[in-house]
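Structure at a glance
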Amino acid sequence: MNRYLTLAACQTGPVQRSASRSETVERLIHLLERAAKAGAELAVFPELALTTFFPRWALEDPREIEGFYEQQLPGPLTQPLYDAARRLKVGFALGFAELAEDQGRRRRFNSMELVGADGATIGRYRKVHIPGSERAEVGVTTHLERRYFEPGNLGFPVYRYRGVRIGLSICSDRRWPETYRMLCLNGAQIVLIGYNTPVVLDEAPAQAHLRMFHNHLPMQAGAYQNTVWVAAAAKAGLEDGQALIGGSCIIAPTGEIAALALSVDDEVVVHRADLDLIGACQRVNFDFARYRRPAEYGLIAQRAGPLDSSALSHGKTS
Ligand code: CDT
């Protein structure tokens with residue numbers, strides 16, 4: 001018999017700088033209620049879901065900067081979301097800015113927490129691929145994530161939720177094949193992703209029309225090549241003057257988009273994920289034991305470098 005887990009990608013519209021944590025948490029609870037009503041068993045919220053995407057600014061005031069981070073999850077202002085998970089019996093993954101204490105040193109990570117249907121924390125992921133710069137260049141609106149976060153140090157952990165193996169990943173991570181590869185080699189059956197992607201990056205304005213294509217392309221490829229379900233939630237819309245793409249979606253191990261958000265506002269997309277599709281897709285294309293050729297990959301690695309006609313001649317058939 002097939003096994004299923006019903007997934008919800010809970011996209012949010014913009015979270016303006018003026019919004020209080022309590023207001024934002026109320027919005028997230030409302031989305032979780034909508035997800036539960038649609039039959040969802042596990043929901044994903046965006047990257048940095050509790051605040052505006054503050055790395056768009058070169059902030060200087062340490063107290064102001066600290067206000068964007070969570071020192072404790074759940075804390076007094078976020079506890080109602082964890083209570084809602086328990087009340088609704090729906091787990092969630094939540095992106096947030098993490099201020100961690102490590103051997104007397106304060107460390108900042110762009111993190112995502114997985115919470116069970118009982119409202120208890122299951123585990124955490126810290127974003128590995130931190131894009132952008134540390135310093136704003138004059139005349140260039142730079143994506144400044146490296147000013148605020150260090151690369152994650154937890155690797156690519158996989159956690160169990162209702163017996164299903166769940167991996168987490170954050171925004172820029174979704175563009176890297178390594179993310180899906182590592183999570184799936186670690187056993188993930190579902191990858192949950194949160195993101196904030198500007199429509200226009202001043203470093204690459206000519207690619208603005210490709211932003212949605214480049215959003216879905218790596219997630220569909222990652223799902224297909226690793227035979228995994230992907231659920232991805234955007235923070236979308238015009239946030240503090242910067243437009244963020246939507247396109248939240250649920251992607252099958254076939255690489256097909258099974259459900260897609262249509263707005264750039266608060267929206268829930270739901271799909272009942274058939275977990276047996278993972279094995280079916282593996283058997284067709286990626287049965288490692290039968291089809292993988294690690295010895296041949298080793299040869300290719302040795303040959304990498306200046307083009308060598310003697311190496312090429314090995315491949316000749318005549
Ligand atoms: N938040 C995040 O990682 N955003 C990046 C865009 C900036 S790349 C300089 C993304 O991959 O969508």
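Heads up: these notes are all about the structure in this document. By convention here, each chain's residues receive numbers from 1 onward along its written sequence. A pLDDT threshold of at least 70 governs which residues receive local features in this predicted model, and a stricter bar of 80 or more applies before side-chain atom pairs are shown or counted, although totals over entire chains, interfaces and linings include all residues. Only hydrogens and water are set aside when side-chain values are computed; all heavy atoms of the structure are taken into account.

**Brief notes about helix α7 (residues 276–285)**
For clarity, the threshold we go by: The buried label goes to any residue with under 20% of its type's maximum accessible area, the exposed label to any with over 50%, and the partly exposed label to all in between, with areas taken from a 1.4 Å probe on protein chains only. Numbering of helices and strands runs from the N terminus; a helix is a DSSP stretch of H or I covering at least four residues, while a strand is a stretch of E covering at least two. Throughout, the arc means the angular range of directions from the helix axis out to the C-beta atoms. When checking whether two residues touch, look at their non-hydrogen atoms; a contact exists if any pair is within 4.5 Å.
By the burial criterion, the buried members of α7 are I278, G279 and C281. Down the axis, α7 shows its buried residues gathered within 165 degrees of arc, on one side only. Within α7, the exposed residues directed more than 90 degrees away from the buried face are R283 and V284. Of the surrounding elements, those touching the buried residues of α7 are β9 (229–234) and β14 (267–274).

**Details of the side chain of N226**
Definition in use: Throughout this description, a polar contact denotes any pair of N or O atoms lying within 3.5 Å of each other; where both atoms belong to protein, one of them has to be capable of donating a hydrogen while the other can accept it, and for residues adjacent in sequence the pair is counted only when both atoms sit in side chains.
By the secondary structure assignment, N226 is in helix α6 (residues 211–226). For N226, a relative accessible area of 9% gives the class buried. There is a polar contact of 3.0 Å between the side chain of N226 and the backbone oxygen of G222.

**A few points about helix α1 (residues 21–37)**
Going by this rule: Helix span, expected: 1.5 Å multiplied by one less than the number of residues in the helix.
Spanning 17 residues, α1 covers 24 Å between terminal C-alpha atoms, matching the ideal 24 Å at 1.5 Å per step. Looking at α1, one finds that the buried residues are R21, T24, V25, L28, I29, L31, L32 and A35. Considered in projection along α1, the buried side chains sweep an arc of 160 degrees and stay on one side of the axis. For α1, the elements touching its buried residues are β1 (4–11), β2 (42–44), α3 (79–88), β3 (91–102) and β14. Two residues or fewer after α1 comes G39, characterised by a positive phi angle close to 95 degrees.

**Focus: the sheet that holds strand β4 (residues 105–115)**
Keep this limit in mind: In this scheme, strands are said to pair when DSSP sees at least two bridges between them. Only the stretch in contact is used when a helix axis is fitted, and all axes are lines through C-alpha atoms; the angle between N-to-C directions ranges over 0 to 180 degrees.
Taken in spatial order, the six strands make up an open sheet running β5-β4-β3-β2-β1-β14, and their pairing is mixed. The strands lining the two open edges of the sheet, one partner per strand, are β5 (121–126) and β14. With strand direction ignored, the average angle separating the axes of adjacent strands in the sheet is 35 degrees. Relative to β2, β1 runs parallel, the two being bridged by three bridges. Residue pairing across strands places A9 opposite V44, the latter belonging to β2. Docked against the sheet, α3 engages β3, β4 and β5, running at close to 145 degrees with respect to β3.

**Here's the deal with the site of the ligand**
Applicable threshold: We call a residue near a given molecule or strand whenever any one of its heavy atoms falls within 4 Å of it. The Shrake-Rupley method, run with a 1.4 Å probe, gives the accessible areas here. Residue values count only the displayed protein chains as cover.
Near the ligand there are 14 residues, and of these E47, K127, C171, R175 and T197 occur at the shortest range. Contacts to the ligand include K127, whose side-chain N or O atom sits 2.8 Å from an oxygen atom. Here an oxygen atom of the ligand sits 3.3 Å away from a polar atom, N or O, in the main chain of S172. When the ligand is considered free in solution it has 360 Å² of accessible area, and contact with the protein chains removes 89% of it.

**Examining the packing of helix α5 (residues 177–185) against α6**
Rule in force here: An angle counts as roughly parallel when it lies under 35 degrees, as roughly antiparallel when it exceeds 145, as roughly perpendicular when it falls between 65 and 115, and as oblique in every other case. For a crossing to be left-handed, the near helix must be turned anticlockwise from the far one by less than a right angle; the clockwise case is right-handed. When residues are sorted by character, Ala, Val, Leu, Ile, Met, Phe, Trp, Tyr, Cys and Pro go into the nonpolar class, Asp, Glu, Lys and Arg into the charged class, and all the rest, Gly among them, into the polar class.
Relative to each other, α5 and α6 sit at 30 degrees, their axes nearing to 9 Å. Taken as axis vectors, α5 and α6 run roughly parallel relative to one another. Handedness of the crossing formed by α5 with α6: right-handed. Contacts between α5 and α6 pair Y180, R181 and C184 from the former with P218, M219, G222, Q225 and N226 from the latter. A class-by-class count of the residues in the contact of α5 with α6 yields four nonpolar, three polar and one charged.

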